[in-house]
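A closer look at the structure
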Amino acid sequence: MSVEVAVVREANDELVEAFARLLPQLSSTAAPLDREAVGRLLASDANTVLVARVEGEAVGMLTLVMFPLPSGVRARIEDVVVDEAARGLGIGGALTEEALRLADAAGARTVDLTSRPSRQAANRLYERLGFEARDSKVYRFVLKR
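These remarks concern the structure in this document. If you're wondering where the values come from, they're calculated on a predicted model, not measured in any experiment.

**Observations regarding the sheet that holds strand β3 (residues 57-69)**
Spatially, β1-β2-β3-β4-β5 is the arrangement adopted by the five strands of the open sheet, whose pairing is mixed. Here the strands that pair on one side only, and so sit at the sheet edges, are β1 (3-8) and β5 (111-113). The average angle at which neighbouring strand axes cross in this sheet is 25 degrees, direction not considered. Sheet topology places strand β4 (residues 72-82) next to β5; three bridges connect them, and they run parallel. Residue pairing in the sheet places Ile77 in a bridge with Leu113 of β5. Across the face of the sheet, helix α1 (residues 13-26) comes into contact with β1, β2 (47-54), β3 and β4 while running at roughly 85 degrees to β3.

So this is what it looks like as structure tokens:
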């Protein structure tokens, strides 16, 4: 089995379908993305969306967010999801390693991510890849809609 990881730049039917199938496995509250929303996501200069394919089928996604700050280029890995049927095959690792390579090439000094404690397999993967837990608090302000 070969895992191919590529940056996607175009909102097409295959990508919209992949988001529709994978996003609910990541978040029960995320709204479905139509072609226009996927296009906006891909058009953002801050986002690099990676898709992992096995035998041509999209089985995983990751969004690498990078932006310049006065203190340097910041990079974050967000919204990592691997199809339930394809977990344990190295897809999350392949996506994350490619994101780290791209962040390094862009000049980022560090790459941050967050992961819920309940995602034990994902947390083991991140630690195996060299991520270290930070002594920090994450604050969230929920905007009223």
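Having put the structure on the table, let's press on.
**Observations regarding the pairing of β2**
Burial of β2 is extensive: eight of the eight residues sit out of reach of the surface. Burial of β2 is two-sided: the residues Asn47, Val49, Val51 and Arg53 facing one way and the residues Thr48, Leu50, Ala52 and Val54 facing the other way are all buried. The pairing of β1 with β2 spans six bridges and is classified as antiparallel. Looking across to β2, one finds that Val3 is bridged to Val54. Looking at chain direction, β2 and β3 are connected through eight bridges and run antiparallel. Residue pairing for β3: Thr48 is matched across the bridge by Leu64. In sequence, β2 turns back onto β3 through a hairpin of two residues, with Glu55 there showing a positive phi of about 50 degrees.

**Points about the pattern of salt bridges**
Under the criterion given, the structure shown has seven salt bridges. Linking Glu78 and Arg76 is a salt bridge whose minimum nitrogen-to-oxygen distance equals 2.8 Å. Relative accessible area serves as the criterion here: at 27%, Glu78 is assigned to the partly exposed category. A relative accessible area of 24% means that Arg76 is categorised as partly exposed. What you see here is one network of salt bridges that share partners, running through Glu17, Arg21 and Asp83.

**Some words on the packing of α1 against helix α2 (residues 35-43)**
The N-to-C vectors of α1 and α2 enclose an angle of 95 degrees; their axes lie 10 Å apart at closest approach. The angle between α1 and α2 places the two elements in the roughly perpendicular class. Contacts between α1 and α2 involve Asp13, Leu15, Val16 and Phe19 on the former and, on the latter, Arg35, Val38, Leu41 and Leu42. Residue composition of the contact of α1 with α2, grouped by class: six nonpolar, no polar and two charged.

**A short note on helix α3 (residues 91-105)**
Between the first and last C-alpha of α3 there are 21 Å, a value that for 15 residues agrees with the 21 Å anticipated at 1.5 Å per step. Of all the residues in α3, the buried ones are Ile91, Gly92, Gly93, Leu95, Thr96, Glu98, Ala99, Leu102 and Ala103. On the buried face of α3, the contacting elements are β1, β2, β3, β4, β5 and α4 (120-128). One or two steps after α3, the chain reaches Gly107, where phi turns positive at roughly 95 degrees.

Quick notes on the rules
- Residues numbered from 1 in each chain as written.
- Predicted model: local features only at pLDDT ≥ 70, side-chain atom pairs only at ≥ 80, totals over all residues.
- Heavy atoms only, no water.
- Pairing = 2+ DSSP bridges.
- Helix = DSSP H or I, 4+ residues; strand = E, 2+ residues; numbered from the N terminus.
- Axes fitted to C-alpha atoms, helices over the stretch in contact; angles between N-to-C directions.
- Contact = heavy atoms within 4.5 Å.
- Buried < 20%, exposed > 50% of the residue type's maximum accessible area, 1.4 Å probe, protein only.
- Salt bridge = Lys/Arg side-chain N within 4 Å of Asp/Glu carboxyl O.
- Parallel < 35°, antiparallel > 145°, perpendicular 65-115°, else oblique.
- Nonpolar A, V, L, I, M, F, W, Y, C, P; charged D, E, K, R; others polar.
- Expected span 1.5 Å × (residues − 1).

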